2 protein chains.
Amino acid sequence: MQKTSTAPAKFTHVQCGDCPIRHRAVCARCETDELARLEETKYYRSFEAGQTIVWSGDRMDFVGSVVTGIATLTQTMEDGRRQMVGLLLPSDFVGRPGRETAAYDVVATTDLVMCCFRKKPFEELMVQTPHVGQRLLEMTLDELDAAREWMLLLGRKTAREKIASLIAIIARRDASLKMQKSEGRVIVDLPLTREAMSEYLGLTLETVSRQISALRKDGVIEIEGKRHITIPDFDRLIEEAGDDSDGGFLV
Amino acid sequence: MQKTSTAPAKFTHVQCGDCPIRHRAVCARCETDELARLEETKYYRSFEAGQTIVWSGDRMDFVGSVVTGIATLTQTMEDGRRQMVGLLLPSDFVGRPGRETAAYDVVATTDLVMCCFRKKPFEELMVQTPHVGQRLLEMTLDELDAAREWMLLLGRKTAREKIASLIAIIARRDASLKMQKSEGRVIVDLPLTREAMSEYLGLTLETVSRQISALRKDGVIEIEGKRHITIPDFDRLIEEAGDDSDGGFLV
DNA sequence: CGCGAGCCTTGACCTAAATCAACCCGATGC
DNA sequence: GCATCGGGTTGATTTAGGTCAAGGCTCGCG
């Protein structure tokens, strides 16, 4: 596993945990540490909930990944209609190598820490070490799959199915990170406001609210406060989501 | 430009024209011909309009690109609701390296010729020659952008805007291939049935038909037969499409 | 303590698009 | 010549979700 390397000890895979970009984008199986070469250009940035990180059209001279918190990619039409097109959870990658300006608004929906690299050196590294590009291709293909699942949701699912799908998606992502199950019951904290959910799902926030209430009334979910959700029967939720190919998790 | 190469003459960039996968996926600027190594695994396949090339879940042991004709990627729910998630025009790439089975139905909507490579050797080539992977990453990122534009369309646009957008998308793709403009007027042949359009747009085919009629009645488009469309004022069409970031072409 | 701001819920009503249904048109086959 | 079939249009009606409007709850602040 542990390859001998010219990089100093502090760059070995022990540090993978604290820097998702390294973990996910580079040393997929902790076999390499090419990114060590970028160590001097690496920096952390913190944002408060609600803060916009980049505006669509702005110059964007970094790439990076989410360390903690949640960010979204959103598109806006002139008249203000908004559609979320990306939901970034910890370890997700932001920024497109080879593009000058941001194509979407990037917004922190919770307090957020990102790990960034200056884009130019990152791009150079990509050319030098195929490993990085290959990993990035894999991640981009995953994102594309997620986007396509999302398109099915937007184009064909009912409001109720959309809500059920979103809860399932978040539960799955959450679970894969934190394993919060107890005897089949799954517990999730929605990290999004009703408005953010509506932007994700292509609905109004009133409809989101109503459908969440309906799912609760029908016993599909239990709610404590506004955001804390318990799913007594996950299969039931999946059924409500109308998911054909389950197992696929979007985002 | 023309690099000396160990490959026989028949593999030089002169052949790029007749094999889009080589042109688009590999020798982006006709500088390389790595794919020559795959020449013996390359083959062409023809399909008739309406034929399904691969069923979602099927084993898929090739990758390839569209040479002529049009194919679609479609997702289906158990109850039959269908959403198109990819529209493949000539030179577009099909197939995900690293995936065993197809995630979507691939359907030929017109008579179609594809240029295919067996997946295994293609994947090996990708590891050996970073060039190929880099080009593929670029293409995948483009597709992801297109998917996100598409999500805005599905989630937030009205039926009329959706139709206008689709016509604009096809016109742009078409124009960039064939340059069919005459004094500002743009002429397109819709390569899709009303049903296929409805699957693209997340509408019913009746709504598609009605909105096309409405756009014609309002002079935004002129129609001859069922499929032949003239756009007297392209900017007007774009306006009807509600496009914010124009210039970006989806698909 | 009262006040306002955010976030959320619920109700009444409206409308865009879906649904159901009839029909047109051109090609294909017998 | 007639029947059939796939693709397309158009009309009447229904409905899911949007819109507008009135609160409710909680938290921070003067």
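Residues numbered from 1 in each chain as written. Chains lettered and ligands numbered in written order. Predicted model: local features only at pLDDT ≥ 70, side-chain atom pairs only at ≥ 80, totals over all residues. Heavy atoms only, no water.

1. Things to note about helix α6 (residues 205-217) of chain A
All names here are of chain A. Short version of the rule: Note on conventions: DSSP H or I runs of at least 4 residues are helices, E runs of at least 2 residues are strands, and numbering of each starts at the N terminus. A helix's residues, less one, multiplied by 1.5 Å, set its expected span. Note on classification: 1.4 Å probe, protein chains only; a residue is buried when its accessible area is under 20% of the maximum for its type, exposed when over 50%, partly exposed between these limits. Taken from the helix axis, the directions to the C-beta atoms give the arc we talk about.
Look at α6: 18 Å from first C-alpha to last across 13 residues, which is about the 18 Å you get at 1.5 Å a residue. Every buried residue of α6 is accounted for by V208, I212, A214 and L215. Buried residues of α6, seen end-on, are gathered within an arc of 160 degrees and therefore sit on one face of the element. With respect to the buried face of α6, the exposed residues turned more than 90 degrees away are R210 and K217. Count one or two residues on from α6 and you reach G219, which has phi positive near 80 degrees.

2. Brief notes about the sheet that holds strand β4 (residues 71-76) of chain A
Note the following rule: Should DSSP find at least two bridges between two strands, the strands are taken to pair. The angle between two axes is taken between their N-to-C directions and runs from 0 to 180 degrees, where each axis is a line fitted to C-alpha atoms and a helix contributes only its stretch in contact. Should any heavy atoms of two residues lie within 4.5 Å, those residues are considered in contact.
Judged by pairing direction, the sheet is antiparallel, and its four strands sit side by side in the order β2-β7-β4-β5 (chain A) without closing on themselves. Either end of the sheet is taken by a strand with one partner, and the two such strands are β2 (52-54) and β5 (82-88) of chain A. Within the sheet, the average angular offset between the axes of one strand and its neighbour, ignoring direction, is 35 degrees. Strand direction decides the pairing type here: β4 of chain A and β5 of chain A, joined by six bridges, are antiparallel. Across the sheet, the residue bridging to T72 of chain A is L87 of chain A, located in β5 of chain A. Helix-sheet contacts for helix α3 (residues 130-156) of chain B involve β4 and β5 of chain A, and the interaxial angle to β5 of chain A is about 130 degrees.

3. Remarks on the nonpolar core
Rules: Nine residue types can take part in a nonpolar core, namely buried Ala, Val, Leu, Ile, Met, Phe, Trp, Tyr and Cys, and a core is a set of them joined through side-chain atoms within 4.5 Å.
Among the nonpolar cores identified, the biggest contains 114 residues, and I231 of chain A together with I231 of chain B are the most heavily contacted of them. Within the second largest apolar cluster, 25 residues are counted, among which are L136 and L137 of chain A together with F122 and L137 of chain B.

4. Some words on the relation of the copies chain B and chain A
What counts here: Alignment of the copies relies on least squares applied to C-alpha atoms, considering only residues that score at least 70 for pLDDT in both.
With an RMSD of 0.0 Å, the operation that places chain B on chain A is a rotation of 180 degrees combined with a shift of 0.0 Å along the axis. Here the transformation between the copies is reduced to the relation of a two-fold axis. When the interface residues of chain B are mapped onto chain A, 100% of them are again interface residues, pointing to one common binding face.

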